[in-house]
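One-letter residues, chain by chain:
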Amino acid sequence: MMTRKWMAAVLVGAGTALSATAHAADGAGEKQSVGEYVSDATISTKVRAAFVGDKALSALDIAVETNNGVVTLTGSVATAEQVNHAADVTRGVDGVKQVKNNIKVDPSKAK
């Protein structure tokens, strides 16, 4: 079980590092300062880490993007309860101003 969490954390961290340049000029021509970008990257990392530590969620099923403190969640999970739980977990992360929950329910993901 710890190996699974460790692997998920490594994948989440690698994804954050590899996508860093892609999000620096996110939005409709809006540019973020370095401080805003670092803060947004930190928030995304904290949200992903919260998902890794939550037994009801899979960090691998939910993508996290943050822009000016607004976190957008995408992906798919097995139940509507998991959709709501992911938003609740995200709201509990320091620095999150708003959550846009675009997670879809995919019953085929049920265990």
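Quick caveat: nothing in here was measured; it's all calculated off a predicted structure.

Our next topic: helix α4 (residues 80-91). Between its terminal C-alpha atoms α4 stretches 17 Å, which fits the 16 Å expected from 12 residues at 1.5 Å a residue. By the burial criterion, the buried members of α4 are Val 83, Ala 86, Ala 87, Val 89 and Thr 90. One face of α4 carries all of its buried residues, which in axial projection span an arc of 160°. Turned more than 90 degrees off the buried face of α4, the exposed positions are Glu 81 and Arg 91.

As a further point, take the nonpolar core. For soluble globular proteins, the rule of thumb is that nonpolar side chains tend to be buried together. Residues Val 47, Phe 51, Ile 62, Leu 73, Ala 86, Val 96 and Ile 103 are the most contacted members of the largest nonpolar core, which totals 19 residues. Elements supplying a minimum of two residues to this core: α3 (34-52), β1 (62-67), β2 (70-77), α4 and β3 (98-105). Once residues within four sequence positions are removed from consideration, Ile 103 is found in contact with Ile 62, Leu 73, Thr 74, Gly 75, Ser 76, Val 77, Val 83 and Ala 86.

In this section: the sheet that holds β2. The strand order β1-β2-β3 describes an open sheet built from 3 strands, whose pairing is mixed. At either margin of the open sheet sits one strand with a lone partner, and together these are β1 and β3. The sheet shows a mean angle of 10° between the axes of neighbouring strands, direction not considered. Note that β1 and β2 share 6 bridges and pair antiparallel. Within β2, the residue paired with Asn 67 across the bridge is Val 70. Seen against the sheet, α4 touches β1, β2 and β3 and runs at an angle of roughly 160° to β3.

Parameters and conventions
- Residues numbered from 1 in each chain as written.
- Predicted model: local features only at pLDDT ≥ 70, side-chain atom pairs only at ≥ 80, totals over all residues.
- Heavy atoms only, no water.
- Helix = DSSP H or I, 4+ residues; strand = E, 2+ residues; numbered from the N terminus.
- Expected span 1.5 Å × (residues − 1).
- Buried < 20%, exposed > 50% of the residue type's maximum accessible area, 1.4 Å probe, protein only.
- Arc of directions from axis to C-beta.
- Core = buried A, V, L, I, M, F, W, Y, C linked by side-chain atoms within 4.5 Å.
- Contact = heavy atoms within 4.5 Å.
- Pairing = 2+ DSSP bridges.
- Axes fitted to C-alpha atoms, helices over the stretch in contact; angles between N-to-C directions.

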